[in-house]
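Residue strings, one per chain:
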Amino acid sequence: MAKTCNVALIGTKFMGKAHSNAFLQAPRFFDMKTKPVMKVIVGNDPAGTEAAAGQFGWEEWSTDWKAVVNRPDIDIVDISSPGNLHAPMAIAAAKAGKHIICEKPLANTVKEAKDMLAAVEKAGVKHMCGFTYRFNPAVISIKHMIDQGDLGRIFHVRGCYQQDWIVDPEFPVNWRLQKKTAGSGALGDIGAHITDLAQYLVGDVAEVAAATETFIKQRPLADAQMTIASKAGKKSSKKGTVDVDDAAVWVARFKGSDALGTFEATRFAPGRRNYNCIEIYGSKGSIIWNQEDMHKFQYYNAADAGDRQGFRTVNATDSGHPYTANWWPPAHNIGYEHLFTHEVYEFITQLGRKKVTYPTFADGLKVQLVLDAIERAAKSRKWEKV
Ligand code: SOE
């Protein structure tokens with residue numbers, strides 16, 4: 001294995017920042033035989049991209065992603081751009097023989113996701129889809145408990161991802177609120193996370209029935225600066241149309257199991273800032289976790305003696321998981337940004353391996369197929385197969 005690998009990151013905003021921090025921190029806290037070199041960051045506007053390079057610690061900056069993904073000195077291309085650019089960027093990067101990390105949802109359509117998976121498989125490069133929450137030690141502990149049968153036969157899976165950053169009707173139309181750039185709304189952006197978590201923890205979704213809604217259909221136009229993370233920017237008095245869902249709800253059945261799934265993805269739950277929650281109820285016990293309280297989960301063990309039954313709080317930083325051992329002593333806690341660091345660490349450490357343990361484009365496609373079935377079901381008002 002080479003001692004270093006050169007990284008190109010496409011994206012300078014929220015995810016660009018999170019991924020930059022991950023490349024910076026991973027070799028400082030984890031023992032990595034191959035260390036990332038932050039070669040070049042790519043963005044749209046020259047001034048903003050130059051500023052991001054300086055602030056986040058990239059050697060160079062560029063506004064030409066095509067030239068960058070074809071540079072012979074680049075080993076890894078990290079795609080943190082709006083969804084409509086994932087497919088062209090990933091396919092070009094695969095053709096140029098680069099390993100690829102791509103933000104979720106993998107693509108805006110099933111066809112794009114299939115083309116992306118075919119391109120990376122043909123090129124024989126490594127590929128990761130950024131389902132960040134899988135890298136939370138609490139989620140890893142829950143996965144371990146389910147795999148070893150601690151919850152028994154699973155009856156119910158409840159996934160809900162609630163945010164509230166666009167409840168204000170004056171919040172302007174940005175790329176996430178337009179079909180041509182984002183593919184879908186809350187469904188693809190955060191519904192993708194709960195779908196992946198459910199499939200990772202419990203099994204693949206087989207069929208769904210669903211409803212979606214766009215509560216606010218017209219919003220002010222604005223410059224591109226206004227995002228979930230930053231409300232700074234200019235609003236216009238002109239209005240634009242929101243043509244994606246603000247919220248989606250669905251029920252699901254899983255392959256090879258009679259468990260029932262209920263799901264909700266919404267940007268209209270006032271007070272819920274990043275409430276990514278999964279509840280799993282089984283014959284031997286139950287588990288409840290949410291990212292707003294990311295270190296802990298609730299565990300009910302049906303085998304507990306009658307005089308001490310009830311949900312107990314498990315602190316996942318106490319479990320001695322190797323991720324947390326690399327950071328701080330128990331309960332000194334890690335945050336949202338650390339999940340991206342774990343992602344980058346796993347991707348680079350497994351570059352030489354045949355079989356990888358992180359979410360790949362194949363997992364991204366599996367989620368895309370479910371999202372597609374949900375959209376079909378919302379239209380048809382019938383159960384739709386994945
Ligand atoms: C915006 O809803 C967003 O940034 C998502 O795109 C991320 O995937 C999620 O982790 C936080 O919220």
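Residues numbered from 1 in each chain as written. Predicted model: local features only at pLDDT ≥ 70, side-chain atom pairs only at ≥ 80, totals over all residues. Heavy atoms only, no water.

Can you tell me about the overall build of the chain, naming the residues and giving the values?
Within the chain, the regular secondary structure consists of 11 helices and 17 strands. Relative to the compact-globule value of 21 Å for 386 residues, the chain shows a C-alpha radius of gyration of 21 Å, a close match. Considering only C-alpha atoms, the chain reaches an extent of 65 × 50 × 40 Å along its principal axes. Counting across all 386 residues of the chain, residues that qualify as buried make up 55%. Considering only contacts within the chain whose residues lie at least 6 apart along the sequence, 70% involve residues at least 24 apart. For the chain, the accessible surface area stands at approximately 16,700 Å², while carbon and sulfur atoms represent 52% of it. Put simply, the chain has 48 plus and 42 minus side-chain charges, and the middle of one group is 3 Å from the middle of the other. (Helix = DSSP H or I, 4+ residues; strand = E, 2+ residues; numbered from the N terminus. Rg over C-alpha atoms; globule rule 2.2 N^0.38 Å. Buried < 20%, exposed > 50% of the residue type's maximum accessible area, 1.4 Å probe, protein only. Contact = heavy atoms within 4.5 Å. Areas by Shrake-Rupley, 256 points an atom, 1.4 Å probe, with all protein chains shown as cover. Lys, Arg positive; Asp, Glu negative; His and termini not counted. Charge placed at Lys NZ, Arg CZ, Asp CG, Glu CD.)

Which residues make up the packing of helix H5 (residues 110-123) against helix H11 (residues 361-380), and what values go with them?
Relative to each other, H5 and H11 sit at 165°, their axes nearing to 9 Å. Judged on the interaxial angle alone, H11 and H5 are roughly antiparallel. The element H5 and its partner H11 pack so that their crossing is left-handed. Listed contacts from H11 to Val110, Ala113, Lys114, Met116, Leu117 and Val120 of H5 are Phe361, Ala362, Leu365, Gln368, Leu369 and Asp372. The residue makeup of the contact of H5 with H11, split by class, is 9 nonpolar, 1 polar and 2 charged. (Axes fitted to C-alpha atoms, helices over the stretch in contact; angles between N-to-C directions. Parallel < 35°, antiparallel > 145°, perpendicular 65-115°, else oblique. Left-handed = near helix turned anticlockwise from the far one by under 90°. Nonpolar A, V, L, I, M, F, W, Y, C, P; charged D, E, K, R; others polar.)

I'd like a rundown of the sheet that holds strand E7 (residues 154-162), residues and numbers included.
Taken together, 9 strands build an open sheet; the order of strands is E16-E15-E14-E13-E7-E12-E11-E8-E17 and the sheet is mixed. Single-partner strands in this sheet number two, and they are strand E16 (312-315) and strand E17 (384-385). Bridge count for strand E14 (residues 285-290) against strand E15 (residues 296-301) is 5 bridges, and the pairing is antiparallel. Pairing of Ile288 across the sheet is with Gln298, part of E15. Running over the sheet, helix H8 (residues 186-201) touches E7, strand E8 (205-213), strand E11 (247-254), strand E12 (260-266), strand E13 (275-282) and E14 and is turned about 150° from E12. (Pairing = 2+ DSSP bridges.)

Pulling in residues and values, what's your account of the pattern of salt bridges?
One pass over the full model with this rule turns up 21 salt bridges. Taking the shortest distance from any N to any O, the salt bridge between Arg71 and Glu60 comes out at 2.8 Å. Of the two residues, Arg71 sits in the loop between helix H3 (65-69) and strand E4 (76-79) while Glu60 sits in strand E3 (residues 60-62), which places them 11 residues apart along the sequence. Given the relative accessible area of 19%, Arg71 is considered buried. For the salt bridge of Arg273 with Asp164, the shortest nitrogen-to-oxygen distance reads 2.5 Å. Here Asp164 lies in the loop between E7 and helix H7 (179-182) and Arg273 lies in the loop between E12 and E13, a separation of 109 residues in the sequence. Each of Lys104, Arg176, Asp189 and Arg267 takes part in salt bridges that share partners, so that together they form one network. (Salt bridge = Lys/Arg side-chain N within 4 Å of Asp/Glu carboxyl O.)

Account for the nonpolar core, naming residues and giving values.
If you look at the biggest cluster of nonpolar residues, it comprises 104 residues, and the most contacted ones within it are Trp58, Ile100, Trp250, Trp289, Phe297 and Phe361. Residue contributions to this core reach at least three from each of two domains, namely domain 1 (3-133) and domain 2 (135-334 + 358-385). (Core = buried A, V, L, I, M, F, W, Y, C linked by side-chain atoms within 4.5 Å. Domains from an automatic or database assignment.)

Kindly report on the domain arrangement of the chain, identifying the contributing residues and their values.
Accessible area lost on assembly of the parts is the figure often given for the size of an interface. With domains assigned, the chain is organised as domain 1 (3-133) and domain 2 (135-334 + 358-385). For domain 1 and domain 2, the distance between their C-alpha centroids amounts to 24 Å. Roughly 3,000 Å² is buried in total at the junction of domain 1 and domain 2, and carbon and sulfur atoms are behind 70% of that figure. When residues of domain 1 are sorted by the area they lose upon contact with domain 2, Phe29, Phe131 and Tyr133 head the list and together hold 30% of the total. Between Asp189 and Lys104 there is a salt bridge; the shortest N-O distance is 2.9 Å. (Buried area = accessible area lost by both parts, 1.4 Å probe.)

If you had to explain the environment of Gly48 to someone new, which residues and values would you point to?
Residue position: Gly48 is located in helix H2 (residues 46-56). Under the relative-accessibility criterion, Gly48 is labelled partly exposed at 28%. C-alpha separation for the pair Gly48 and Lys13, spaced 35 residues apart in sequence, amounts to 9.4 Å.

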